[in-house]
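# Geometric and topological summary
As a plain string of letters, each chain reads:
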Amino acid sequence: MKINNIQDIKRPEGIVVFVTGVTGQDGSHMVDYLLRETNTSIIGGARRLSVDNHNNISHLENEPRFQLVNFDLTDSHSIYKIVECAKPDYFINFAAQSFVASSWDFARQTWECNSTAILDCLEAIKRLQPNCRFYNAGSSEEFGNVTYQPQDENHPAKPRSPYGASKVAARQLIKVYRESYGLYAVQGWLFNHEGPRRGTEFVTRKITKGVAGIFDAIVNNKKIIPIELGNIDAKRDWSDAEDMVDAVWRMLNQEKYNKKLNKEENDEWPESYNEDKNQKQMIEWRAKRIKDYVVGSGETHTIREFIEIAFDLVNISGEWDGKGIDEFFWYELGPKPLSSDQCKLVTINPKFYRPAEVEILLADPSKIKNELGWNPKTSFEELIDKMITSDLTSYNSVV
Ligand code: NAP
Ligand code: G4F
């Protein structure tokens, strides 16, 4: 896909949204959402890699309202240049070192990408484009070692990984810039969300891809490659990524979606950040009313349950046996006779255990539902089904 240099970007007419991380899951869904639901023009940021990774955006090749730009979040010049050239009305940041497990191995890089770079974004917006609304992708990993269930907006930050800590730091910076300068800057606490565009190292996609491969092996009488996993008793609150990007847009347009906002406070939403107006009033208004929201399904499931449902959806019935690192999920009744070492579908490999684990996450999404009208469409089982169906297509298989 054609990728532009930042200095060659011409600001399109109308409302402009700059989205980072468009090669990833959420960024690519955000672009699709904006194209479908708004009339904005979108500039997508992707970093240069030696081999391109544009699978998630290849369908946008000839989209007139979308342009791709070379952008690296860890290069502050990159941030300043894009804000200066594109003059975006919205800056939606999904770029991150997003894999929790790697954050112990690359703690500094995680910090620079997920925390320091957020400071650079806020400074660039404050100096060059103070009316630009900024979203940063926060995480339920910020809650970490949780103290109560379900987690709401008041839950304390108790991160368990360099990743979780980096998102907590970004949140504090955003709050400070909102309260000090009146920037419209928000960071939702998004719980886990998945889909066919999810990276294959995350546990859900690793499972659905593995299940599709095992299904293909059984049907074609090939050797079964078991899925190797770590802690399968951890619990997560999983949603569909497509539902989540809708929540992000609502958080960025709270005056539009929260009908009570103006009425309750009995004063008007200040349209823009304008030197002629009372800047102090704007700062107080935004500091008081603009909120960060918890977004999740309100259900929690173990990895174990995810595995059972995934195999069940392709009519492979399995059973658990063994304990601890010797536990496995095995397949007895196949359409073809299988030798005993071929029967293992899932095994445990301690190399996938983490130095510190977040054992359970469960969202209380009532605020975003009641105040911003967020209403997710996909259930847990539908999500797994959607992912498996997509993974089966790479084997030209259907159930
Ligand atoms: P993802 O699929 O891993 O996408 C991350 C994106 O960031 C990729 O496009 C990646 O580019 C890009 N990126 C990484 N470093 C960069 C850099 N230095 N400069 C520019 N781009 C860079 O993650 P995701 O699931 O879409 O998540 C999006 C955001 O939401 C992340 O901030 C993540 O931490 C946060 N979040 C995700 C979830 C979830 O469950 N998915 C939940 C809560 C919060 P490459 O393709 O080149 O690697
Ligand atoms: O799929 P995961 O790697 O996602 P994790 O760590 O929950 O993080 C994701 O969600 C966060 C929101 O809560 C985001 F902020 C973050 O960017 C990312 O999108 O792991 C989920 C669980 C963990 O408890 C992990 O220990 O699955 C467990 N697990 C067990 N075996 C495994 C594996 N995780 C991975 N990735 N690979 C395994 O083999």
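For the structure, see preceding data.
This report concerns the structure included in the present document. (Residues numbered from 1 in each chain as written. Chains lettered and ligands numbered in written order. Predicted model: local features only at pLDDT ≥ 70, side-chain atom pairs only at ≥ 80, totals over all residues. Heavy atoms only, no water.)

This next bit is on the overall build of the protein. Helix and strand counts for the protein stand at 12 helices and 17 strands. Here the C-alpha atoms of the protein give a radius of gyration of 22 Å, agreeing with the 21 Å that 2.2 N^0.38 yields for 399 residues. Based on the C-alpha atoms only, the size of the protein along its principal axes is roughly 80 × 45 × 40 Å. Within the protein, buried positions represent 52% of all 399 residues. Within the protein, contacts between residues at least 6 apart in sequence are counted, and of these 77% link residues at least 24 apart. Carbon and sulfur atoms form 47% of the exposed surface of the protein, whose accessible area is close to 18300 Å². Considering the protein, the positive charge centre built from 49 side chains and the negative charge centre built from 59 side chains are found 4 Å apart. (Helix = DSSP H or I, 4+ residues; strand = E, 2+ residues; numbered from the N terminus. Rg over C-alpha atoms; globule rule 2.2 N^0.38 Å. Buried < 20%, exposed > 50% of the residue type's maximum accessible area, 1.4 Å probe, protein only. Contact = heavy atoms within 4.5 Å. Areas by Shrake-Rupley, 256 points an atom, 1.4 Å probe, with all protein chains shown as cover. Lys, Arg positive; Asp, Glu negative; His and termini not counted. Charge placed at Lys NZ, Arg CZ, Asp CG, Glu CD.)

On to the site of ligand 1, then. Neighbouring ligand 1 are 27 residues; T23, D26, N53, S98 and Y163 lie closest to it. One of the backbone nitrogen or oxygen atoms of A96 is found 3.3 Å away from an oxygen atom of ligand 1. In this structure, an oxygen atom belonging to ligand 1 sits 2.6 Å away from a side-chain N or O atom of Y163. A total of 900 Å² of accessible area belongs to ligand 1 in isolation, and the protein chains cover 90% of it. For the shell around ligand 1, the per-class residue count stands at 11 nonpolar, 11 polar and five charged. (Near = heavy atom within 4 Å. Polar contact = N/O pair within 3.5 Å; in protein donor to acceptor, adjacent residues only side chain to side chain. Nonpolar A, V, L, I, M, F, W, Y, C, P; charged D, E, K, R; others polar.)

Time to look at the sheet that holds strand β8 (residues 189–190). Strand order in this open sheet of three strands is β6-β8-β13, and the pairing throughout is parallel. In this open sheet, the two strands that pair with only one neighbour each are β6 (138–139) and β13 (294–295). Examined bridge by bridge, β6 and β8 share two bridges and lie parallel to one another. Its bridge partner lying in β8, G138 is registered against W189. (Pairing = 2+ DSSP bridges.)

The subject of this paragraph is the environment of R286. Positionally, R286 belongs in helix α9 (residues 279–289). Note on R286: relative accessible area 2%, which makes it buried. Distance from R286 to D105, taken between C-alpha atoms, is 38 Å for residues 181 residues apart in sequence.

To continue, consider the side chain of H54. Within the element layout of this structure, H54 appears in the loop between β2 (41–46) and β3 (66–70). In this structure, H54 is in contact with M1, T23 and L68, ignoring residues within four places of it in sequence.

It is worth spelling out the pairing of strand β15 (residues 318–321) at this point. Bridging between β15 and strand β16 (residues 328–331) involves four bridges; their strand directions are antiparallel. Residue pairing in the sheet places G318 in a bridge with Y331 of β16. The antiparallel pairing of β15 with β16 creates a hairpin that spans six residues between the two strands, and G322 there sits at a positive phi of about 75°.

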